[in-house]
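Results of the structural survey
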Amino acid sequence: MTRMDRTRSASIALAGTAAIAALASLTPSTASAADYDMDCKLILCMPAGFPGGCSDAFDHMIDRLRDGKSPIGFCGMSNGAEYDDYDIDYVWRQPTSREAWQCPPGKTLFHEVTSDGEGFFNRSVTTFCYDTAYERRTWTGPDGYQTTLHYTNMSPPEHKNFWVNLTLEPDAAEPFTRGWQKFDTGMRSPVLVQYTP
């Protein structure tokens, strides 16, 4: 495990602890982890980026999204009351949106949308990550030189089509939020996506 991985793991653990503390402070003192339903677990896991032990909460969120519902449903506390002291904003990013794609640090994103006609389904996206781009001139005979653009160390970008921002206790002096988080839901648009030019 690298130093960066350890730092990220520690950050996730701290975020998870803070989220649990924020939610637990509003529930009866007898509440335990078993008292929360899956939507409550989702509220706890999301700010921490769905660390280990939260895969079922992530799957629950994806199932809700596939059914056309909001990411979080009814969070029933141990006393039967609903926990609703949170704000949630979310947005879907289509493959045609440059923001839906991410490259590793140090790489540049190439993103180009072309259209074969009118309408969303007639568009295609070419996208990839690269280190450097350079022009190459080649002699083509009677037409003279042709200039083409070449890219080094190309690789596919990550697709992050679902962005969500969850804030616990938004009216508190110090509300808890991790800001916008980006996830790949596995749900694909019918737009053709190509990873090489």
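A brief structural summary.

Residues Ile 43, Met 46, Phe 50 and Met 61 are the most contacted members of the largest nonpolar core, which totals 22 residues. Mapped by element, the contributors of at least two residues to this core are α2 (38-45), α3 (55-66) and β8 (162-168). Once you skip the residues sitting within four places of it in the chain, Met 46 turns out to touch Met 61, Pro 71, Ile 72, Ile 88, Val 164, Leu 166 and Gln 181. Of all hydrophobic cores here, the second largest spans 5 residues; its members include Ala 100, Trp 101, Leu 109 and Val 125.

Summed over the entire model, instances satisfying the criterion amount to 2 salt bridges. Glu 158 is paired through a salt bridge with Lys 160; the nearest N and O atoms lie 3.1 Å apart.

Right, let's talk about the state of the cysteines for a bit. Here the structure, examined in full by the defined rule, presents 3 disulfides. Each disulfide pairs two cysteine sulfurs, and for Cys 45 the partner residue is Cys 54, the sulfurs being separated by 2.0 Å. Of note, the bridge from Cys 45 to Cys 54 carries an S-S torsion of about -70° and is left-handed in sense. Take Cys 45: its relative accessible area is 4%, and that puts it in the buried class. A residue is classified by how much of its surface remains accessible, and Cys 54, at 8% relative accessible area, is buried. In this model Cys 103 forms its disulfide with Cys 129; the gap between the sulfur atoms is 2.1 Å. Looking along the S-S bond of the Cys 103-Cys 129 disulfide, the torsion reads about -95°, which is the left-handed sense. Taken as a pair, Cys 103 in the loop between β2 (101-102) and β3 (108-115) and Cys 129 in strand β4 (residues 123-130) lie far apart in primary sequence, 26 residues in all.

Topologically, Asp 171 is positioned in the loop between β8 and β9 (176-177). A sequence separation of 86 residues divides Asp 171 from Asp 85, and the C-alpha atoms of the two residues are 8.5 Å apart.

Quick notes on the rules
- Residues numbered from 1 in each chain as written.
- Predicted model: local features only at pLDDT ≥ 70, side-chain atom pairs only at ≥ 80, totals over all residues.
- Heavy atoms only, no water.
- Core = buried A, V, L, I, M, F, W, Y, C linked by side-chain atoms within 4.5 Å.
- Buried < 20%, exposed > 50% of the residue type's maximum accessible area, 1.4 Å probe, protein only.
- Helix = DSSP H or I, 4+ residues; strand = E, 2+ residues; numbered from the N terminus.
- Contact = heavy atoms within 4.5 Å.
- Salt bridge = Lys/Arg side-chain N within 4 Å of Asp/Glu carboxyl O.
- Disulfide = S-S within 2.5 Å.

Without other data, these values stay purely geometric and don't point to any function.
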